[in-house]
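Structure assessment
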Amino acid sequence: MVQADDLVEYGYRRVIITITAVLCALLEIVDTTIVNVALTNMRGSLGATLTDVAWVITAYAIANVIVIPMTSWLSQQFGRRNYFAFSIIIFTVSSFLCGNASNIWELVVFRFIQGLGGGALLVTAQTIITESYPAAKRGMAQAIYGMGVIVGPTLGPPLGGYIVDHFSWPFIFYINIPIGIIATILTLTFVRSPKYGEKLKANQVDWWGIFFLASFIGSLQFVLEHGQQDDWFNDQLILTLSIVSLLGLLAFIWRQLSYKFPIVNLSVLKDGNLRIGILMSFILGFGLYGSTLIIPIYTQSILGWTATDAGLLLIPGSLTTAFMMPFIGKMIQKGVPQGYMVAVGFVVFFLFTFMMRNAMTPDTGVEHFFWPLILRGIGMGLLFVPITTLSLSTLKGKSIGEGAAFTGMMRQLGGSFGIAIITTFISRLNQKHRVDLLRNLDGSRLEVQQRIIALQKGFMSKGFSANEALKKAYQVLDFSVMKQGTVLSYMDIFMSLGLLFLFCIPIIFLIKKGQNKINPAEAAH
């Protein structure tokens, strides 16, 4: 164990540590989204229902969000290097077990274990990268980490689509194994642990705090993932878990404020900038994961694209973000106020949603998405690093790691809330737009009659009887209304997302002046 100041690395050691940490963060984030495109294949080979197979995503997300707030504390207990290496091993072994699962519930259990390892990878990787760089270069450290975090969700679907199309679904887990083995060896060889306070004895550990945290966050994540499909509070389980989540939150806050050795130090929330940063991290997660959800659904269900093509569409925007990150790191080092960068990022993201809204039709071509998605990449680049560094700009020492765990958790929760709210609104708005559109389909109108007759004649020319052809003409018209209603719903959601980001700009004026050139153990987690 070494003092925090001695953790700065130079030369090849820093390069190897950076690559190892970014690889691990990428592993965890890619695995969040790579499974989405393989669910249909899993259902077939494991004989599972759609509801059962959704647990493959839910279990991973719940484990992730439970472990993220505890990473700072776990690193102190076991030493950062040991904890990081152990997390990679858990992640790698459970990846192998996921690929070998013989039924759906085995897969769900192994995905939960994989999520426990994965949550630690994401947060600890950021700490390791940050502390390997001298204070003056920590904006650049954030930028390098940000590349992995922003590009990861986009890499998952096309990579998963390719693997499923050319191999079989277990290989989406097996590809983690060689990377995990290499990362473990490099971690044990090169990563060093800072000197922390004394390790707690087993009877001093806040077991109740861990239990309350798991019940609060785990229940909340389940409610968000399953709320829409189970009809929200009309379902007994959703209602019960919502109450459990609320009581768990209250009990967790009480326990952390009253216990001598809390697992999450809530006193860091007294810092005004961190509170604002947490709110903005939540909104960033909402926009990042929300827009990543809508675009593939729209291109596959409305435009009829394959999963791989839908995933590939997002890559130019992600590469734009990755390309921008080093420049943003340099701007922060030169003292450009992060508040201005965040404001510009919010405006650019609004322009992206506005352009997407205008580009959406039932038969939009791929060329109409290129520039809006490049704008999304620029907006995300301008938001991610400045928000993270702003959140921690007035914190010092150990508080930086604790504050960063909050920003990481809120970004994940923002994504979960975003996906839950968006899926709910899609179904509600679909119904509204369908009713509005059907008002215009008055059978006494000449245009409607002409359309039905034309469709009927088309079907009759293919050998259908007059009655059958008329029935099919009505079905085509109904499908056309449904498609138009869905597109209008997506347009409304993009506009709402854009307005949400625009309304966040005034929050920036509440930021206190911290040091612009990032100092201490910056954006730690």
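Residues numbered from 1 in each chain as written. Predicted model: local features only at pLDDT ≥ 70, side-chain atom pairs only at ≥ 80, totals over all residues. Heavy atoms only, no water.

Our focus in this paragraph is the overall build of the chain. Within the chain, the secondary structure is distributed over 19 helices and zero strands. Against the compact-globule benchmark of 24 Å for 525 residues, the chain has a radius of gyration of 25 Å, which places it among compact chains. Projected onto its principal axes, the C-alpha positions of the chain cover 85 × 50 × 45 Å. When the 525 residues of the chain are sorted by exposure, 56% land in the buried category. In the chain, the proportion of contacts linking residues at least 24 apart, taken out of those at least 6 apart, comes to 84%. Counting only carbon and sulfur atoms, one obtains 67% of the accessible surface of the chain, whose full area is about 22500 Å². For the chain, the separation between the mean place of its 37 positive charges and that of its 27 negative charges on side chains is 8 Å. (Helix = DSSP H or I, 4+ residues; strand = E, 2+ residues; numbered from the N terminus. Rg over C-alpha atoms; globule rule 2.2 N^0.38 Å. Buried < 20%, exposed > 50% of the residue type's maximum accessible area, 1.4 Å probe, protein only. Contact = heavy atoms within 4.5 Å. Areas by Shrake-Rupley, 256 points an atom, 1.4 Å probe, with all protein chains shown as cover. Lys, Arg positive; Asp, Glu negative; His and termini not counted. Charge placed at Lys NZ, Arg CZ, Asp CG, Glu CD.)

All right, on to the pattern of salt bridges then. Throughout the structure, instances matching the rule amount to two salt bridges. A salt bridge links arginine 111 to aspartate 31; its shortest N-O distance comes to 3.6 Å. Taken together, the residues arginine 111 in helix α6 (residues 104–131) and aspartate 31 in helix α1 (residues 11–33) connect sequence positions 80 residues apart. Assessed through its relative accessible area of 0%, arginine 111 is described here as buried. Taking relative accessible area as the criterion, aspartate 31 reaches 1% and is therefore assigned buried. (Salt bridge = Lys/Arg side-chain N within 4 Å of Asp/Glu carboxyl O.)

Our next topic: a nonpolar patch on the surface. Side chains of Phe233, Leu239, Ile243, Leu246, Leu247 and Leu250 sit close together on the surface and give an oily, nonpolar patch of about 590 Å² of accessible area. Within the element layout of this structure, leucine 247 appears in helix α11 (residues 236–258). Note on leucine 247: relative accessible area 52%, which makes it exposed. (Patch = residues over 30% accessible without salt bridge, like charges linked within 9 Å, V, L, I, M, F, W, Y side chains within 5 Å.)

Another aspect to go through is the packing of aromatic side chains. Applying the stated rule across the entire model yields 18 aromatic pairs. Plain terms: the ring middles of phenylalanine 352 and phenylalanine 494 are 5.8 Å apart, the flat faces sit at 90 degrees to each other, and that makes the pair edge-to-face. Here phenylalanine 352 is found in helix α15 (residues 338–359), whereas its partner phenylalanine 494 is found in helix α19 (residues 466–503), with 142 residues between them in sequence. Side by side, phenylalanine 352 and phenylalanine 494 carry an identical accessibility label, which is buried. (Phe/Tyr/Trp six-rings, centres within 6.5 Å; stacked < 30°, edge-to-face > 60°.)

Further remarks concern the packing of helix α5 (residues 80–99) against helix α9 (residues 176–190). Any two packed helices are characterised by how steeply their axes cross, that is the angle between the axes, and by the distance between the axes. Here α5 crosses α9 at 165 degrees, and the two axes come no closer than 9 Å. One element, α5, and the other, α9, form an angle in the roughly antiparallel class. In the crossing of α5 with α9, the sense of the turn from one axis to the other is left-handed. Contacts between α5 and α9 involve Arg81, Phe84, Ala85, Ile88, Ile89, Phe91, Thr92, Ser95 and Phe96 on the former and, on the latter, Asn176, Ile177, Gly180, Ile181, Ala183, Thr184, Thr187 and Leu188. In terms of residue class, the contact of α5 with α9 is made up of 10 nonpolar, six polar and one charged. (Axes fitted to C-alpha atoms, helices over the stretch in contact; angles between N-to-C directions. Parallel < 35°, antiparallel > 145°, perpendicular 65-115°, else oblique. Left-handed = near helix turned anticlockwise from the far one by under 90°. Nonpolar A, V, L, I, M, F, W, Y, C, P; charged D, E, K, R; others polar.)

For the pair α5 and α6, the least separation of the axes is 8 Å and the interaxial angle reads 145 degrees. Classified by chirality, the crossing of α6 by α5 is left-handed. Looking at the contact of α5 with α6 residue by residue, the classes come out as 14 nonpolar, eight polar and three charged.

The complete set of buried residues in helix α2 (residues 39–46) reads Leu39, Met42 and Leu46. Along the long axis of α2, the arc covered by the buried residues comes to 55 degrees, so they all point the same way. Exposed and oriented more than 90 degrees from the buried face of α2 are Thr40 and Gly44. One or two steps after α2, the chain reaches glycine 47, where phi turns positive at roughly 60 degrees. (Arc of directions from axis to C-beta.)

A few words on the state of the cysteines. One pass over the full model with this rule turns up zero disulfides. Free of any disulfide, cysteine 24 has its nearest neighbouring cysteine sulfur in cysteine 98, separated by 17 Å. Using a relative accessible area of 0% as the deciding quantity, one classes cysteine 98 as buried. (Disulfide = S-S within 2.5 Å.)

Another aspect to go through is the confidence of the model for the chain. Scored by pLDDT, the chain has a mean of 79; 92% of the residues are at 70 or more. Per-residue pLDDT, averaged within each element of the chain, yields its smallest value for α2 (76) and its largest for α5 (89). Across residues 515–525 the pLDDT falls below 50, and counting only partners more than four positions away or on other chains, this stretch makes 58 contacts in the model. (pLDDT = per-residue confidence, 0-100.)

You can see valine 481 is positioned in helix α19. C-alpha of valine 481 to C-alpha of aspartate 436: the two residues are 45 residues apart in sequence and 9.9 Å apart in space. The residues contacting valine 481, other than those within four sequence positions of it, are Arg434, Leu437, Leu438 and Leu441.

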